[in-house]
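Listed below are the residues making up each chain.
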Amino acid sequence: FVRIFHKRSKIAKNIRTFAKNIQPKELWQQKTQIRTMSDKTKTITINKAIMMEEIRKLISEGKKVTITVKGNSMNPFMVHMRDQMTLGPWKDEDLREGTVALVLDSRGTHLIHRIIKREKDRVILMGDGNVGLKETATLDNVIGIMHSITRKGRTYTSSSLVWRTYSAIWAF
């Protein structure tokens with residue numbers, strides 16, 4: 001699920017407009033839900049490619065997006081369908097070892113993994129639960145970084161002592 005906090009339901013109109021312009025062969029098979037927050041909450045089931053494009057647009061506008069973790073590649077720190085993370089814009093100095101980032105990797109897959117190495121124009125990432133499996137992405141394909149995570153009902157910022165301690169323990 002993606003929660004997008006916005007005063008008007010303009011986002012839902014943007015999603016429908018974007019969906020009309022995509023050819024069916026460009027769409028992924030898996031659908032995801034997106035929830036817009038306004039006077040009334042609406043749930044729209046949309047294609048994952050459309051959702052990722054909308055997330056990219058919102059983050060590029062300086063907004064933050066909260067999503068529910070799906071998948072097990074970031075276990076044990078992010079649990080499938082239990083935890084929520086807030087993604088947002090980044091600066092060059094934010095892309096360092098230990099930062100969790102949403103990227104479009106070199107294979108064309110959207111993923112959220114931890115940066116394990118930074119090179120001049122690219123980052124190397126690995127999921128906490130995927131020890132040994134590495135992905136690469138150019139800096140142009142870094143969509144956003146994790147600003148906070150809600151685990152078991154408690155929210156931690158990515159700069160908090162608790163989260164930095166979790167990350168440091170896992171890195172060794």
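Every chain begins its residue count from 1, and numbering advances along the sequence as written. Given that the model is predicted, a residue must reach a pLDDT of at least 70 before its local features are reported, and side-chain atom pairs must reach 80 or more before they are shown or counted; all residues, however, enter totals for whole chains, interfaces and linings. Side-chain metrics in this entry use all non-hydrogen atoms of the structure; hydrogen atoms and water are not considered.

**Student:** How would you summarise the pattern of salt bridges if you had to cite specific residues and measurements?
**Tutor:** Throughout this description, the term salt bridge denotes a Lys or Arg side-chain nitrogen within 4 Å of a carboxyl oxygen of Asp or Glu. Scanning the entire structure with this criterion turns up nine salt bridges. Here D128 ties to R114 by a salt bridge, and the two come within 2.7 Å at their closest N and O atoms. Of this pair, D128 sits in the loop between β8 (122–126) and β9 (134–138) while R114 sits in strand β7 (residues 110–118), placing them 14 residues apart in sequence. A salt bridge links R122 to E119, with the nearest nitrogen and oxygen atoms 2.5 Å apart. A run of DSSP states H or I qualifies as a helix once it reaches four residues; a run of E qualifies as a strand once it reaches two. Both are numbered from the N-terminal end.

**Student:** Give a detailed account of the nonpolar core, specifying residues and quantitative values.
**Tutor:** As used in this record, nonpolar core signifies buried Ala, Val, Leu, Ile, Met, Phe, Trp, Tyr and Cys residues forming a set joined through side-chain atoms within 4.5 Å. Only protein chains enter the calculation, and the probe is 1.4 Å; a residue is then buried if its accessible area is under 20% of its type maximum, exposed if over 50%, and partly exposed in between. Ranked by size, the top nonpolar core spans 21 residues in total, and within it I55, M78, M85, L87, M146 and W163 carry the most contacts. Among the elements of the structure, α2 (48–60), β4 (65–68), β5 (84–88), β6 (100–104) and β10 (142–151) are those that each provide at least two residues to this core. It is α2 that provides the largest number of residues to this core, a total of five residues. The contact rule is simple, with two residues in contact once any of their heavy atoms fall within 4.5 Å. Other than its neighbours up to four places away in sequence, W163 contacts F77, M78, V100, R114, M146, I149, R151, Y156, T157 and S158. Listed in part, the eleven residues of the second largest apolar core include L95, V123, A137 and V142.

**Student:** How would you summarise the pairing of β10 if you had to cite specific residues and measurements?
**Tutor:** By the criterion of burial, β10 is predominantly enclosed, with nine of the ten residues buried. For two strands to be treated as a pair, DSSP must find at least two bridges joining them. Bridge count between β5 and β10: five bridges; the pairing is antiparallel. Across the sheet, residue Q84 finds its bridge partner in β10, namely T150. Pairing of β6 with β10 involves three bridges; the strand directions are antiparallel. Following the sheet pairing, V103 is matched in β10 by V142. Here β10 pairs with strand β11 (residues 154–157) via four bridges, running antiparallel.

**Student:** Could you give an account of α2, with specific residues and numbers?
**Tutor:** Multiply 1.5 Å by the residue count of a helix minus one, and that product is the helix's expected span. Relative to the 18 Å expected for 13 residues at 1.5 Å per residue, α2 spans 18 Å between its end C-alpha atoms, a close match to the ideal helical length. All of the buried residues in α2 are A49, I50, M51, M52, E53, E54, I55, L58 and I59. Phi turns positive, to about 90°, at G62, one or two residues after α2.

**Student:** Provide a residue-level description of the packing of aromatic side chains, including the pertinent values.
**Tutor:** Describing an aromatic ring pair means giving the distance of the ring centres and the angle of the ring planes. Here a pair means two rings of Phe, Tyr or Trp (six-membered ring of Trp) with centres within 6.5 Å. Their orientation is stacked below 30 degrees between planes, edge-to-face above 60, and tilted elsewhere. Evaluated as defined, the whole model comprises one aromatic pair. Measuring from centroid to centroid gives 6.1 Å for F77 and W163, while their planes differ by 70°, and the two rings are edge-to-face. In this pair, F77 sits in the loop between β4 and β5 while W163 sits in helix α3 (residues 161–171), placing the two residues 86 residues apart along the sequence. A residue is classified by how much of its surface remains accessible, and F77, at 8% relative accessible area, is buried. For W163, a relative accessible area of 2% corresponds to the buried category.

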